[in-house]
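Chain by chain, the residues:
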There are 2 protein chains.
Amino acid sequence: MDPNELAKAFVEHYYSTFDTNRAGLGNLYQEGSMLTFEGVKTQGSQNIVAKLTSLPFQQCQHTITTIDCQPSGPAGGMIVVVSGHLQLAGEQHALKFGQMFHLMPTPQGSFYVFNDIFRLNYG
Amino acid sequence: MDPNELAKAFVEHYYSTFDTNRAGLGNLYQEGSMLTFEGVKTQGSQNIVAKLTSLPFQQCQHTITTIDCQPSGPAGGMIVVVSGHLQLAGEQHALKFGQMFHLMPTPQGSFYVFNDIFRLNYG
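Cut-offs used in this document
- Residues numbered from 1 in each chain as written.
- Chains lettered and ligands numbered in written order.
- Predicted model: local features only at pLDDT ≥ 70, side-chain atom pairs only at ≥ 80, totals over all residues.
- Heavy atoms only, no water.
- Contact = heavy atoms within 4.5 Å.
- Buried area = accessible area lost by both parts, 1.4 Å probe.
- Salt bridge = Lys/Arg side-chain N within 4 Å of Asp/Glu carboxyl O.
- Polar contact = N/O pair within 3.5 Å; in protein donor to acceptor, adjacent residues only side chain to side chain.
- Helix = DSSP H or I, 4+ residues; strand = E, 2+ residues; numbered from the N terminus.
- Nonpolar A, V, L, I, M, F, W, Y, C, P; charged D, E, K, R; others polar.
- Least-squares fit on C-alpha atoms with pLDDT ≥ 70 in both.
- Expected span 1.5 Å × (residues − 1).
- Buried < 20%, exposed > 50% of the residue type's maximum accessible area, 1.4 Å probe, protein only.
- Arc of directions from axis to C-beta.
- Pairing = 2+ DSSP bridges.
- 1 Å grid on protein atoms, 1.4 Å probe; cavity = no way out; pocket = protein on both sides within 12 Å on 5 of 7 lines; lining within 4 Å.
- Points joined across faces, edges and corners; volume = space filled by probe spheres on them.

Let's talk about the interface of chain B and chain A
Here comes step 1: Listed by partner, the interface residues are 27 residues for chain B and 27 residues for chain A.
Here comes step 2: Roughly 2,200 Å² of surface becomes buried between chain B and chain A when both sides are summed, with 53% attributable to carbon and sulfur atoms.
Here comes step 3: Counting every contact that joins chain B to chain A gives two salt bridges.
Here comes step 4: Among the salt bridges present, the one from B:Asp68 reaches A:Arg119, with a minimum N-O distance of 2.7 Å.
Here comes step 5: The interface formed by chain B and chain A includes 16 residue pairs in polar contact (both at pLDDT 80 or more).
Here comes step 6: For the side of chain B that touches chain A, the elements supplying multiple residues, two or more each, are strand S1 (29-37), strand S3 (60-71), strand S4 (78-88), strand S5 (95-105) and strand S6 (111-120) of chain B.
Here comes step 7: Tallied by class, the residues present in the side of chain B that touches chain A amount to 10 nonpolar, 12 polar and five charged.

Dropping the structure here:
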């Protein structure tokens, strides 16, 4: 699969899952995975899902503006950088965000998220 | 060295070099390094420096807002994600940007930039 197509498919899957069934994101992380959400680090699939499902908003919708990807080295990983807007239910203005995923291959030929760094872009 | 301190030192070195002696950034990249600048990919230290020194602005100043870092895997690499503002000489308003660096260790105990993805954050 073309890396750009793979990155786009991952991004669409990630945010549609986030916006409709956040607990389902657990399948995308493993025990060594790390999330930094607004500067706060969380490690491991279970802890990451607990963090994501306890964020102080229930309904949201992500809109993607840009997707960039590069191979991350000989281990077959891929870095995906996303920018976009996050609309929270009941809020007038969407928030801008940037997010970076480092995807690593699984033995089954799929990918999981090893690194995940999320930041809102204020002002 | 503490990873957060290392990331901060790298970021300060990178942007102070960018703002004062852009051609000096060549030492931070190697032949396998890749830059994606506003969606355009460039590979290799020499090509990356040619790209950075030919950008349509000469004088600029980066101001950093956030730095996040995580270890990128068993190869000893480190992912550094930066957000900040870029002030161009003669322009009234600073531009917001986001940049991701994947640093890989050298045999000499230092780091080089393997992946570099830069995006301006418009509107």
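Following the structure, the description resumes.
Section: the relation of the copies chain B and chain A
Here comes step 1: Superposition of chain B onto chain A requires a rotation of 180° combined with a translation of 0.0 Å along the rotation axis, giving an RMSD of 0.0 Å. Such a combination of rotation and displacement between the chain copies is what one expects of a two-fold axis.
Here comes step 2: Taken together, the interface assignments show that 100% of the residues at the interface of chain B recur at the interface of chain A, consistent with an identical surface on both copies.

Examining helix H1 (residues 3-20) of chain B
Residues and elements named next belong to chain B.
Here comes step 1: Here H1 is 18 residues long and its end C-alpha atoms lie 26 Å apart, about the 26 Å a rise of 1.5 Å per residue gives.
Here comes step 2: Every buried residue of H1 is accounted for by Ala7, Phe10, Val11, Tyr14, Tyr15, Thr17 and Phe18. Around the axis of H1, the buried residues are gathered within 160° of arc, so they sit on the same side.
Here comes step 3: Buried residues belonging to H1 abut S1, helix H2 (45-53), S3, S4, S5 and S6.
Here comes step 4: The N-cap of H1, judged by a side-chain oxygen 3.2 Å from the amide nitrogen of asparagine 4 a few residues on, is aspartate 2.

A short note on the pairing of strand S4 (residues 78-88) of chain A
Side-chain positions along a regular strand alternate between the two faces of the sheet.
All names here are of chain A.
Here comes step 1: Burial analysis of S4 places nine of its 11 residues in the buried class, the great majority of the element.
Here comes step 2: In terms of strand pairing, strand S3 (residues 60-71) meets S4 through 11 bridges, oriented antiparallel. What sits directly across from aspartate 68, in S4, is valine 81.
Here comes step 3: Connecting S3 to the next strand, S4, in antiparallel fashion are six residues, including glycine 73 with a positive phi near 140°.
Here comes step 4: When S4 meets strand S5 (residues 95-105), the two strands line up antiparallel, connected through nine bridges. Directly across from valine 81, in S5, lies its bridge partner methionine 100.
Here comes step 5: Linking two consecutive strands that pair antiparallel, namely S4 and S5, is a turn of six residues; a positive phi of about 85° is found at glycine 90 within it.

Some thoughts on the layout of surface pockets
Here comes step 1: Roughly 160 Å³ of internal volume is contained in the largest pocket.
Here comes step 2: What lines the largest pocket is a set of 13 residues, and nearest its centre among them are A:Thr65, A:Ser83, B:Leu120, B:Asn121 and B:Tyr122.
Here comes step 3: Those elements that provide at least two residues to the lining of the largest pocket are S3, S4 and S5 of chain A together with S6 of chain B.
Here comes step 4: A per-element tally of the lining of the largest pocket places S4(A) first, with three residues.
Here comes step 5: Here the lining of the largest pocket is built from residues that sort into three nonpolar, seven polar and three charged.

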